[in-house]
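A structural walkthrough
Read off the chains here:
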Amino acid sequence: MPRKSELAEGMKWLPLCVQVACPCKRSADVIIKKDAHVLCRVSSVNPVFPTAPSFTMNDKQSIREPAIMRWEKLGLVFKLAESRLANHKNAMVPTPFLLPSGKLRVYMTVCDQANIGRIFYVEFDSVAMDGPPSEVMGPVLDVGTPGSFDEHGVVVAQVMQVSDTELWMYYSGFERLHQSPKESLFRCAPFVLRSAQGYTMWYVAGSSWEVVQGKHVPRYSLYTMHSPDGVTWPDEGLECLKLGPNEHGFGRPWILREGGVLRLFYSIRRIDLAAYAL
């Protein structure tokens, strides 16, 4: 399958990546729902779809206490079993991108029966997603060639507009038995913000497993790193959010800039629940 495709009319995209290694070939992005075939819509009271806001890491306002945002579940918007990919195993990690036409495109990773993920998308006529989705399109990003870091699956994380004609997609790739120097088992779920100083990424990473209610689960916390160009990144980052005593993982960081404040949204894997919480 092709490795590049059109994201929107007149725009081309560049797939960017974070390496993920897992000896058992299990994804670190666990689906946060019982029915793995269903994507659920969750909306804030005042939904915001960021592009690429500028910010400074030295902004002291970015550490003040944020206001609480209420979220409301609005129901199902897409069901894999009713699409042309009904023979696939699950759809996960929905990632929104607002098109110039006003349509909302939602990228997602769809796993086949062998648990190999590829990136597809559906479109809605409006941000409200109150109408039926389009047919599933793609894959817009397939697995890599044998021996590459993403030969066993790709997981979408973010789509960023960097110019009038180019979009970048950050994603996680899966392979067997590869290790980075420090984050030896998991490096995934990247989110990137652009500023005048370059690009800053937040992502989850870890090097160990633990047993929770009789099941081996990964242990990973939140890290950050900086790149001058958004393409070349260090071998390892700095841990910026440590796990609490009742936590064994963070998931899917997403950051908005609101009035000089950086607001971080993420999920927590709690030991007592053996599940994710937002």
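Everything here concerns the structure above.
Residues numbered from 1 in each chain as written. Predicted model: local features only at pLDDT ≥ 70, side-chain atom pairs only at ≥ 80, totals over all residues. Heavy atoms only, no water.

**Side note on the packing of aromatic side chains**
Stated precisely, the cut-off is as follows: Within 6.5 Å between ring centres, the rings of Phe, Tyr and Trp (the latter by its six-membered ring) count as paired, and their orientation is classed by plane angle as stacked under 30 degrees, edge-to-face over 60, tilted in between. Helix and strand assignments come from DSSP, with helices taken as H or I runs of at least 4 residues and strands as E runs of at least 2, each series counted from the N terminus.
Overall, the coordinates contain 10 aromatic pairs when judged by the stated rule. Between Trp71 and Phe265 the ring centres are 5.6 Å apart and the planes differ by 85 degrees, which places this aromatic pair in the edge-to-face class. With Trp71 in strand β4 (residues 71–79) and Phe265 in strand β16 (residues 261–270), this residue pair connects regions lying 194 residues apart in the sequence. When the ring of Phe186 is compared with that of Trp209, the centres are 5.4 Å apart and the planes differ by 65 degrees; the resulting orientation is edge-to-face. Taken as a pair, Phe186 in strand β11 (residues 186–195) and Trp209 in strand β12 (residues 198–212) lie far apart in primary sequence, 23 residues in all. By way of ring pairs, the aromatic residues Phe186, Trp209 and Tyr220 are connected into one cluster.

**What to know about the side chain of Gln158**
Short version of the rule: N or O atoms closer than or at 3.5 Å make up a polar contact, with two conditions inside protein: a donor-capable atom paired with an acceptor-capable one, and, for residues adjacent in sequence, both atoms drawn from side chains. When checking whether two residues touch, look at their non-hydrogen atoms; a contact exists if any pair is within 4.5 Å.
Tracing the sequence through the fold places Gln158 in strand β9 (residues 154–161). There is a polar contact of 2.6 Å between the side chain of Gln158 and the backbone nitrogen of Val192. In this view, Gln158 contacts Thr95, Trp168, Met169, Tyr170, Pro190, Phe191 and Val192; residues no more than four positions away in its chain are not counted.

**Notes on the sheet that holds strand β6 (residues 104–111)**
So the rule is basically this: Two strands are counted as paired when DSSP detects at least two bridges linking them. In this analysis, axes come from line fits to C-alpha atoms, helices being fitted only over the stretch in contact, and the angle between any two N-to-C directions falls in the range 0 to 180 degrees.
Strand order in this open sheet of 4 strands is β5-β6-β7-β8, and the pairing throughout is antiparallel. Pairing within the sheet leaves two strands with one partner each, and these edge strands are β5 (90–98) and β8 (137–141). In this sheet, adjacent strand axes meet at a mean angle of 35 degrees when their direction is disregarded. Sheet topology note: the strand β7 (residues 117–124)/β8 ladder contains 2 bridges and is antiparallel. Residue pairing across strands places Tyr121 opposite Met137, the latter belonging to β8.

**Examining the environment of Thr200**
Inspection of the secondary structure assignment puts Thr200 in strand β12. Reaching out from Thr200, the side chain makes a polar contact with the side chain of His226 at a distance of 3.4 Å.

**Focus on the environment of Arg269**
As for its position among the elements, Arg269 is in strand β16. Taking the C-alpha atoms as reference points, Arg269 and Val217, separated by 52 residues in sequence, lie 9.9 Å from one another. Side chain to side chain, Arg269 and Tyr220 meet in a polar contact 3.5 Å long.

**Notes on the nonpolar core**
The tendency in soluble globular proteins is for nonpolar side chains to be buried side by side. For clarity, the cut-off: The set of buried Ala, Val, Leu, Ile, Met, Phe, Trp, Tyr and Cys residues whose side-chain atoms join them within 4.5 Å is what this entry labels a nonpolar core. The buried label applies to any residue whose accessible area, calculated with a 1.4 Å probe on protein chains only, is under 20% of its type's maximum; exposed applies above 50%, and partly exposed to all values in between.
With 19 residues, the main nonpolar core has Leu193, Val204, Phe250 and Ile255 as its most contacted residues. Mapped by element, the contributors of at least two residues to this core are β11, β12, β13 (215–227), β15 (247–258) and β16. The dominant element in this core, judged by the number of residues it contributes, is β11, at 5 residues.

That is the geometry; function is a separate question.
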